[in-house]
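# Structure assessment
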Amino acid sequence: MSTIVFVHAHPDDEASQTAGTMRLAADAGHRVVCVYATDGDHGTVPSDLADGETVVDRRRAEAEASAAVLGTARVAWLGYADSGMTGWEQNAADRSFHSADPREAASRLAAILDEEDADVVTGYDWHGGYGHPDHVKVHAVVHRAAADARRQPRVLEASMNRDLLRRLYHAAREAGVAGEGGEDWDPDQPADDGNPIGSPEAELHWHVDVRPVLAVKREALASHASQEDVGWMLGMPEEQYALVFGDEWYREPGRPAGLTSGLPF
Ligand SMILES: [Zn+2]
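Heads up: these notes are all about the structure in this document. All of these numbers come straight from a predicted model, not from anything done at the bench.

Each helix and strand in the protein was counted, giving nine helices and eight strands. Against the compact-globule benchmark of 18 Å for 265 residues, the protein has a radius of gyration of 18 Å, which places it among compact chains. Put simply, the protein has 265 residues, and 53% of those count as buried. Considering only contacts in the protein between residues 6 or more positions apart, those separated by 24 or more positions represent 77%. Summed over all atoms, the accessible surface of the protein reaches about 11,500 Å², with 51% contributed by carbon and sulfur. If you average the places of the 23 positive and of the 46 negative side-chain charges in the protein, the two averages end up 6 Å apart.

A few words on the pattern of salt bridges. Considering all chains together, one arrives at 21 salt bridges under this definition. Here R211 and D247 are joined by a salt bridge, their closest N and O atoms 2.9 Å apart. Taken as a pair, R211 in the loop between β6 (206-209) and α7 (214-222) and D247 in strand β7 (residues 247-251) lie far apart in primary sequence, 36 residues in all. Classification of R211 as partly exposed rests on a relative accessible area of 37%.

Time to look at the nonpolar core. The tendency in soluble globular proteins is for nonpolar side chains to be buried side by side. Among the nonpolar cores identified, the biggest contains 62 residues, and V5, V7, V35, L109, L113, V121 and V138 are the most heavily contacted of them. Not counting chain neighbours up to four residues away, the residues in contact with V7 comprise V35, L109, V121, T122, G123, Y124, V138 and V142.

Of all seven residues in strand β3 (residues 74-80), five are buried; the element is thus mostly enclosed. Pairing of strand β2 (residues 31-38) with β3 involves five bridges; the strand directions are parallel. Bridge pairing links V33 to R74 in β3. Remark: the β2/helix α3 (residues 55-70)/β3 crossover connection has right-handed handedness.

On to the coordination of the zinc ion, then. Taken together, the protein ligands of the zinc ion are H10 (ND1), D13 (OD), D13 (OD) and H135 (NE2), with distances of 2.1 to 2.5 Å. The coordination sphere of the zinc ion comprises four donor atoms, whose angles at the metal cover 55 to 136°; the geometry is irregular. Read in sequence order, the donor residues coordinating the zinc ion give the pattern H-x2-D-x121-H. Here D13 is found in helix α1 (residues 13-17), whereas its partner H135 is found in helix α5 (residues 133-148), with 122 residues between them in sequence. Relative accessible area serves as the criterion here: at 7%, D13 is assigned to the buried category.

Among the six residues of strand β1 (residues 3-8), six are classified as buried, and the element is accordingly described as predominantly covered. Taking every second residue as pointing to the same face, both faces of β1 are buried, with T3, V5 and V7 on one and I4, F6 and H8 on the other. Summarising the sheet, β1 and β2 pair through six bridges and their orientation is parallel. The partner of I4 across the bridge, within β2, is V32.

Taking strand neighbours across the sheet as the criterion, the eight strands line up as β3-β2-β1-β4-β5-β7-β6-β8 in an open arrangement whose pairing is mixed. Here the strands that pair on one side only, and so sit at the sheet edges, are β3 and β8 (260-261). Taken together, the five bridges between strand β4 (residues 120-124) and strand β5 (residues 154-159) define a ladder with parallel strand orientation. Following the sheet pairing, V121 is matched in β5 by V155.

Our focus in this paragraph is the environment of K137. Along the chain, K137 turns up in helix α5. Linking K137 and F97, residues 40 residues apart in sequence, is a C-alpha distance of 7.8 Å. The contacts of K137, once residues within four sequence positions are left out, are F97, H98, S99, A100 and P102. Of the polar contacts made by the side chain of K137, one reaches the backbone oxygen of F97; its length is 3.0 Å.

About the cut-offs
Residues numbered from 1 in each chain as written. Predicted model: local features only at pLDDT ≥ 70, side-chain atom pairs only at ≥ 80, totals over all residues. Heavy atoms only, no water. Helix = DSSP H or I, 4+ residues; strand = E, 2+ residues; numbered from the N terminus. Rg over C-alpha atoms; globule rule 2.2 N^0.38 Å. Buried < 20%, exposed > 50% of the residue type's maximum accessible area, 1.4 Å probe, protein only. Contact = heavy atoms within 4.5 Å. Areas by Shrake-Rupley, 256 points an atom, 1.4 Å probe, with all protein chains shown as cover. Lys, Arg positive; Asp, Glu negative; His and termini not counted. Charge placed at Lys NZ, Arg CZ, Asp CG, Glu CD. Salt bridge = Lys/Arg side-chain N within 4 Å of Asp/Glu carboxyl O. Core = buried A, V, L, I, M, F, W, Y, C linked by side-chain atoms within 4.5 Å. Pairing = 2+ DSSP bridges. Right-handed = clockwise from strand over helix to strand, strands pointing away. Donors = N, O, S within 2.8 Å, 3.2 Å for Na, K, Ca; no water. Tetrahedral: all angles 85-135°; square planar, octahedral: opposite > 155°, others 65-115°. Polar contact = N/O pair within 3.5 Å; in protein donor to acceptor, adjacent residues only side chain to side chain.

See below:
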């Protein structure tokens, strides 16, 4: 059995991106660890915070709740603050992940990889899927940490299948349902960093069908209820949710081209 460390930028990213793989890996007997680079302090401020409770307290509790649902054995934090989208002022803040020295961030992560004697570590593709600076930085930090770790783990990069999203987008337009509720976005449009979202299918190596655990994935997402965009995703009709979130995709740098279906470990 393997130890797999999933690295995410913010608490709730695991729920939309790799939650199904995490649950399937835990069910297969692997040790699953989830590491968050930031503490989510720039997230939506919930209206029902208790006296003395901070956004960070809430988001840490939500991350633990998601971990319980997914069978995650350990939740760990690199301890940085959120950055904003490209050009936002908070990117220059002291504790922000964006302005952190990549060597220091990688050494924090490498220490966790060593503690766990990790076999596999997952990060994001080269542009973090959609260009959020924290996600882009996760890509670089994961690669550097994997190289620094005592036993260099395999590196997988979570991504999105741009060709699938384009097929869904055109099908939705033809059916006349695009344009409502935020689904009217064209995957070929430039995202935050000027690049289209995710990766072309030809650049992906692993496809994990997570429909067998889709209800669990949705429950993990619901654990992060304080966040606005989570509400939007949960508001999707079941059928549409399954189309968008029923598959998870990974690149494995160094692996020959070709898409394999199934758990990568
Ligand atoms: Zn994020």
